[in-house]
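Letter by letter, the chains look like this.
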Amino acid sequence: MIGDIFFQLSVRSVKLNFTRSILASIGIVIGVVAISCMGMLGTNMSLQVEDQLSSSANTIVITADAVRMGPPGSQSSSSTEESGIKKTQLNKIKAAVGTNGTVIPIYSSSTQFTYGNVPARGTIYGMNPDDVTEFLTIGNGTNIAGINEALIGYTLAESLGVKIGDKIKISSASEGPPDGSTSASRASVKVVGIIDTRGTVADSVSTDNGIVVTKEWYVAQYGSKDVYDQVNVIVDDTDMITEIEEAIDAKLNTDEKTPAVRISDASSQLDTISSTLETLTLFCLAIGGISLIVAAVSIFNVMMMSVNERIQEIGILLSIGTETGEVRRMFLYEAFILGIIGAGIGGLMSVVIGYSVVDVMMGTTEFFFLPASIIYVPAGMVVGLVVCVISGLYPAWKASNMDPIDALRSD
Amino acid sequence: MTDTPLISLVDVTKTYHLESGDFTALNHVSLDIKENDFVAIMGPSGSGKSTMMNQLGILDVPTTGELYIDGKNVAKMTNLERTHLRRDAIGYIFQKFYLIPLLSAYENVEYPLILKYKKRDTTGRASSLLDAVGIDREMAFHRPNQLSGGQQQRVAIARALVNDPKILLCDEPTGNLDRKTGFAIMEILCNLQKEGKTVILVTHDPKVAEYAQRTIHLDDGRIVES
């Protein structure tokens, strides 16, 4: 192609109108950068979520199918009767799991904490101290042992400035006034450890902005003894997840029309999140695509200008025996060259800008150079190039179908 | 060489359909041009000279009548066949030279060879033709806008000859040149005719027409004198 006289004519035409060509290519640069960066950002988000969820890929989460209507501990509400996993159900779960995994019953509630005079909201989890280390990592301090001891999530500890040994007051009511001036009793717990950041997790235990206490302390404050908010099953062999889920389902959901519990695992949550992120990424790509449409109009305009400026030259070419296909090829080469310039610069800028955007928005670039992410750079370049060539189709067709006599007369 | 005409127009009429009404530029014209003829076409403006040149150069086809070039009926050829005939059998020399501005003098001459053989010239034909018309090696690498009118016309002649066409169509070849350069160009054309080319030229200049063996006068789309 490089030795082709028509390619050389196109190169010289682009050089002759260098500024105009570069300006036209900027549209393609923006389009390629927009598409690549949006795609890479979406993919990096998906990969990060996938990575985080994969840490709890061996976990089955069982929750009561009924929706809790009243505050925890509100014994008078009849709607709480079916609001959690009862002891009988827990025993059935244990029986279904057998020796294939660890069953962890968990109490949880949204509540208000106060450290000094600073109020904060978060989730409080009550569980057996032995179960804590099954899936949580205590980065600093020790595990809870005594009834008034608590573990605090890393994010909450950072935001409140809590250190090991500090005391936090916890409201016993789930809904308190925003100013923290609840009249409900406030029990204090002593922070003995800080839990490492977990991020997005599939087991529904988001401790980053929460506190973990012993189940005895939780029941003493919130009631609902032996009615758990969720039961997590950590299976020994992930290949057995489906089998164990079916066993639990068979034991607990005996009435198909009104299942007693909802059983989920990381894969189903991953599907939901991935689908949402995919939709978001597609939406962002569509926005990037709009910039490419604008670029296409710009390229089309420049190509039409090129054709109109070279009418007499086209007449000469046609009159001395150039085939219409060769004239068409010459103008398509020109569009291709504009595309190569735009896509090339756009590709390089996509890597730099994409890396910066992913770093700023996600705080990590560990997934950036993975094939699933970086593929958006060549993909964006190809799309930019194709858009350029498509934009050149009509001008090329117009040039090749000129009447040579009329074209020669043009001045 | 045979007695069969190289170019034959049989009752050719060319009508343009304009908004103001139909305009007949060539009106039932019949003409034979034999191989190695040197024909000058003269006539006032609007007499149909350019239309006839367009017909002879297969840039256009007759509205009615038939045009034969080298025994082939142009009207029955496809667009691609006409393009190839134009490329291989006809060399054009225009009043305004019409060199390709983005190519050097050498590349302009090489261009028709590339069209024909789909590859760059490795035979040295383009260079030798430039030498023959008086364009030296240094000048050969200049773009058309860096050459004088006479030099551009010499390059155009070299380009017209590079595919060794049987017919040379010259549309006012000296029209944009000074008298001395014009005569030098006419000498080149005369020599080409002596070497066997069929030269057809359109001119307003009777001095230029004197070089031709035969002069055809057109008026109002008809041949009035041949």
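Enquirer: Could you give an account of the overall build of chain B, with specific residues and numbers?
Expert: A count of helices and strands for chain B gives eight helices and 10 strands. In terms of C-alpha radius of gyration, chain B reaches 17 Å, essentially the compact-globule figure of 17 Å for 226 residues. Expressed along its principal axes, the backbone C-alpha trace of chain B runs to roughly 50 × 40 × 40 Å. Residues classed as buried in chain B amount to 54% of the 226 residues present. Partitioning the intrachain contacts of chain B with sequence separation of at least 6 by distance along the chain shows that 72% fall at a separation of at least 24.

Enquirer: Lay out the overall build of chain A with the relevant residues and their values.
Expert: Counting secondary structure elements, chain A contains 13 helices and 12 strands. On the principal axes, the C-alpha backbone points of chain A span a range of 100 × 50 × 35 Å. Residue pairs at least 24 apart in sequence account for 80% of intrachain contacts in chain A once pairs closer than 6 positions are excluded.

Enquirer: Please give an account of the environment of Val 97 of chain A that cites residues and values.
Expert: All names here are of chain A. The topology assignment puts Val 97 in helix H3 (residues 87-97). Along the backbone, Val 97 and Ile 248 are 151 residues apart, and their C-alpha atoms lie at a distance of 7.5 Å. In contact with Val 97, not counting residues within four places along its chain, are Val 103, Val 233, Ile 244 and Ile 248.

Enquirer: Tell me about the sheet that holds strand E10 (residues 222-225) of chain B, and name the residues and values.
Expert: Residues and elements named next belong to chain B. Strand order in the open sheet made by the six strands is E6-E7-E8-E3-E9-E10, with mixed pairing throughout. Strand pairing shows two members of the sheet lacking a second neighbour, strand E6 (90-93) and E10, which therefore form its edges. Shown here is a sheet whose adjacent strand axes are inclined to one another by a mean of 25 degrees, direction ignored. When strand E3 (residues 38-42) meets strand E9 (residues 214-219), the two strands line up parallel, connected through four bridges. Along E9, the bridge assignment pairs Ile 41 with Ile 216.

Enquirer: Mind laying out the interface of chain A and chain B, listing which residues take part and the relevant values?
Expert: Chain A puts 26 residues into the contact, and the matching count from chain B is 26 residues. Buried area between chain A and chain B, both sides added, is near 2,200 Å², and the carbon and sulfur share of it is 63%. Three residues, Ile 5, Arg 12 and Ile 320 of chain A, lead the burial of chain A against chain B; their summed loss comes to 28% of the area buried on that side. In this structure, the connection of chain A to chain B is made through three salt bridges.

Enquirer: Help me get a handle on the confidence of the model for chain A, residues and values and all.
Expert: Close inspection of predicted coordinates is inappropriate in any region flagged by low pLDDT. Summing up the model confidence of chain A, the mean pLDDT is 86 and the portion of residues at 70 or higher is 92%. In the model of chain A, strand E12 (residues 261-265) of chain A stands out as the element of lowest mean pLDDT, 85, in contrast to helix H12 (residues 376-400) of chain A, which has the highest, 96.

Enquirer: Mind laying out helix H1 (residues 5-16) of chain A, listing which residues take part and the relevant values?
Expert: The terminal C-alpha atoms of H1 of chain A lie 16 Å apart, and with 12 residues this matches the ideal 16 Å at 1.5 Å per residue to within 8%. Of all 12 residues in H1 of chain A, nine are buried; the element is thus mostly enclosed. Of the positions making up H1 of chain A, those classed as buried are Ile 5, Phe 6, Phe 7, Gln 8, Leu 9, Ser 10, Arg 12, Ser 13 and Val 14 of chain A. Buried residues along H1 of chain A sit in contact with helix H2 (18-54), helix H8 (266-309), helix H9 (311-319) and helix H10 (324-362) of chain A together with helix H3 (105-117) of chain B. The residue sitting at the N-terminus of H1 of chain A and contributing the capping side-chain oxygen is Asp 4 of chain A; that oxygen lies 3.0 Å from the backbone nitrogen of Phe 6 of chain A.

Enquirer: Can you tell me about the packing of H8 of chain A against H12 of chain A, naming the residues and giving the values?
Expert: Residues and elements named next belong to chain A. At a minimum axis distance of 9 Å, the contact between H8 and H12 shows a crossing angle of 35 degrees. Crossing of H8 over H12 shows right-handed handedness. Across the interface between the two elements, Leu 285, Leu 292, Ala 296, Ile 299, Phe 300, Met 303, Met 304, Val 307 and Asn 308 from H8 touch Tyr 376, Val 383, Gly 384, Val 387, Cys 388, Ser 391, Gly 392, Tyr 394, Pro 395, Lys 398 and Ala 399 from H12. Each residue belonging to the contact of H8 with H12 can be placed in one class, and the counts come to 15 nonpolar, four polar and one charged.

Enquirer: Help me get a handle on the packing of aromatic side chains, residues and values and all.
Expert: Scanning the model with the defined rule gives 14 aromatic pairs over all chains in all. Taken together, a centroid distance of 6.1 Å and an interplanar angle of 80 degrees make the contact between Phe 6 of chain A and Tyr 111 of chain B edge-to-face. With Phe 6 of chain A in helix H1 and Tyr 111 of chain B in helix H3, this pair bridges two chains. Relative to Tyr 98 of chain B, the ring of Phe 94 of chain B has its centre 4.9 Å away and its plane inclined at 65 degrees; by these criteria the two rings are edge-to-face. Residue classification places Phe 94 of chain B among the buried positions, given a relative accessible area of 7%. By way of ring pairs, the aromatic residues Tyr 107, Tyr 218, Tyr 222 and Tyr 228 of chain A are connected into one cluster.

Enquirer: Summarise the pattern of salt bridges; cite the residues concerned and give the values.
Expert: In total, this model carries 15 salt bridges over all chains according to the counting rule given. Its salt-bridge partner being Arg 12 of chain A, residue Glu 107 of chain B comes within 2.6 Å of it at the nearest N-O pair. In this pair, Glu 107 of chain B sits in helix H3 while Arg 12 of chain A sits in helix H1, so the two residues belong to two different chains. Residue Arg 12 of chain A is classed as buried on the basis of its relative accessible area of 18%. Across the salt bridge formed by Glu 334 of chain A and Arg 310 of chain A, the nearest N and O atoms sit 2.8 Å from each other. Of this pair, Glu 334 of chain A sits in helix H10 while Arg 310 of chain A sits in the loop between H8 and H9, and the two are 24 residues apart along the sequence. Via salt bridges that share partners, Arg 12 of chain A together with Glu 107, Glu 110 and Arg 120 of chain B belong to a single interconnected network.

Enquirer: Tell me what's going on with a nonpolar patch on the surface, and back it up with residues and numbers.
Expert: There is a patch of nonpolar side chains on the surface, built from Ile 345, Met 349, Val 352 and Ile 353 of chain A and spanning about 310 Å² of accessible area. In this structure, Ile 345 of chain A sits in helix H10.

Enquirer: I'd like a rundown of the sheet that holds strand E1 (residues 7-18) of chain B, residues and numbers included.
Expert: Residues and elements named next belong to chain B. Strand order in the open sheet made by the four strands is E2-E1-E4-E5, with antiparallel pairing throughout. In the strand order of this sheet, the two ends are held by strand E2 (21-33) and strand E5 (72-73), each with one partner. Contacting E1, E2 and strand E4 (64-69), helix H1 (residues 49-56) crosses the sheet at an angle of about 120 degrees to E1.

Enquirer: Lay out the nonpolar core with the relevant residues and their values.
Expert: If you look at the biggest cluster of nonpolar residues, it comprises 74 residues, and the most contacted ones within it are Phe 331 of chain A together with Ile 7, Leu 9, Met 52, Ile 69, Tyr 111 and Ile 200 of chain B. Those residues in contact with Ile 69 of chain B, other than ones at most four positions away along the chain, are Leu 6, Ile 7, Leu 56, Ile 58, Val 74, Leu 85, Ile 90 and Ile 167 of chain B.

Enquirer: Break down the pairing of E1 of chain B for me, citing the residues and quoting the values.
Expert: Residue and element names in this part refer to chain B. As paired strands, E1 and E2 are joined by nine bridges and run antiparallel to one another. Bridge pairing links His 17 to Asp 22 in E2. What sits between E1 and E2 in their antiparallel hairpin is a turn of two residues. Strand direction decides the pairing type here: E1 and E4, joined by five bridges, are antiparallel. Its bridge partner being in E4, Ser 8 is matched across the sheet by Tyr 68.

Enquirer: I'd like a rundown of unusual backbone geometry, residues and numbers included.
Expert: Residue and element names in this part refer to chain B. The residue Asp 164 is not glycine, and still its phi comes out positive at about 50 degrees. Here Asp 164 is to be found in the loop between helix H6 (149-161) and strand E7 (167-171). Residue Asp 220 is not a glycine yet carries a positive backbone phi of 55 degrees. Along the polypeptide, Asp 220 turns up in the loop between E9 and E10.

The rules we used
Residues numbered from 1 in each chain as written. Chains lettered and ligands numbered in written order. Predicted model: local features only at pLDDT ≥ 70, side-chain atom pairs only at ≥ 80, totals over all residues. Heavy atoms only, no water. Helix = DSSP H or I, 4+ residues; strand = E, 2+ residues; numbered from the N terminus. Rg over C-alpha atoms; globule rule 2.2 N^0.38 Å. Buried < 20%, exposed > 50% of the residue type's maximum accessible area, 1.4 Å probe, protein only. Contact = heavy atoms within 4.5 Å. Pairing = 2+ DSSP bridges. Axes fitted to C-alpha atoms, helices over the stretch in contact; angles between N-to-C directions. Buried area = accessible area lost by both parts, 1.4 Å probe. Salt bridge = Lys/Arg side-chain N within 4 Å of Asp/Glu carboxyl O. pLDDT = per-residue confidence, 0-100. Expected span 1.5 Å × (residues − 1). Polar contact = N/O pair within 3.5 Å; in protein donor to acceptor, adjacent residues only side chain to side chain. Left-handed = near helix turned anticlockwise from the far one by under 90°. Nonpolar A, V, L, I, M, F, W, Y, C, P; charged D, E, K, R; others polar. Phe/Tyr/Trp six-rings, centres within 6.5 Å; stacked < 30°, edge-to-face > 60°. Patch = residues over 30% accessible without salt bridge, like charges linked within 9 Å, V, L, I, M, F, W, Y side chains within 5 Å. Areas by Shrake-Rupley, 256 points an atom, 1.4 Å probe, with all protein chains shown as cover. Core = buried A, V, L, I, M, F, W, Y, C linked by side-chain atoms within 4.5 Å.

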